[in-house]
Amino acid sequence: MKIKEVVAILETSPKAWKVSFQNEDSIVFACGDYRFTRLSDRFDNMMMLNSKFNQISIDWTPENPLAAKFYSGLVQEHLIKAA
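Residues numbered from 1 in each chain as written. Predicted model: local features only at pLDDT ≥ 70, side-chain atom pairs only at ≥ 80, totals over all residues. Heavy atoms only, no water.

Let's shift gears to the sheet that holds strand β2 (residues 26-31). Read across the sheet, 5 strands follow the order β1-β2-β3-β4-β5 without closing on themselves; strand pairing throughout is antiparallel. The strands lining the two open edges of the sheet, one partner per strand, are β1 (18-22) and β5 (57-60). With strand direction ignored, the average angle separating the axes of adjacent strands in the sheet is 20 degrees. Bridge count between β2 and strand β3 (residues 34-39): 6 bridges; the pairing is antiparallel. Bridged to I27 within β3 is R38. This element, helix α1 (residues 3-12), spans β2, β3, β4 (47-51) and β5 of the sheet and lies at about 125 degrees to β4. (Pairing = 2+ DSSP bridges. Helix = DSSP H or I, 4+ residues; strand = E, 2+ residues; numbered from the N terminus. Axes fitted to C-alpha atoms, helices over the stretch in contact; angles between N-to-C directions. Contact = heavy atoms within 4.5 Å.)

Structure follows, in structure tokens:
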């Protein structure tokens, strides 16, 4: 998949992503070969989009509005609804 396609899935289909890992330092959402990760305060709240085969590797600061939108959509879908 191209970056535009992965971003479109993040934006429009948070249900397609699943929580693959969560601890006090990070939460990782997965969709196929792609991972969207948010690190804790200890790691400056960085957010990353990566693929298993290094086709995509993007790091965002927490101030990035696009990354914040992705993260809040994933949290809304997978963590808040599950609570």
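The structure having been displayed, the exposition proceeds.
This part is about the packing of α1 against helix α2 (residues 65-80). Look at α1 against α2: their axes get within 8 Å of each other, and the N-to-C directions meet at 50 degrees. Judged by the angle between their axes, α1 and α2 are oblique. Contact residues: α1 offers V7, L10 and E11, while α2 offers L66, K69, F70 and L74. Its residues assigned to classes, the contact of α1 with α2 shows 5 nonpolar, no polar and 2 charged. (Parallel < 35°, antiparallel > 145°, perpendicular 65-115°, else oblique. Nonpolar A, V, L, I, M, F, W, Y, C, P; charged D, E, K, R; others polar.)

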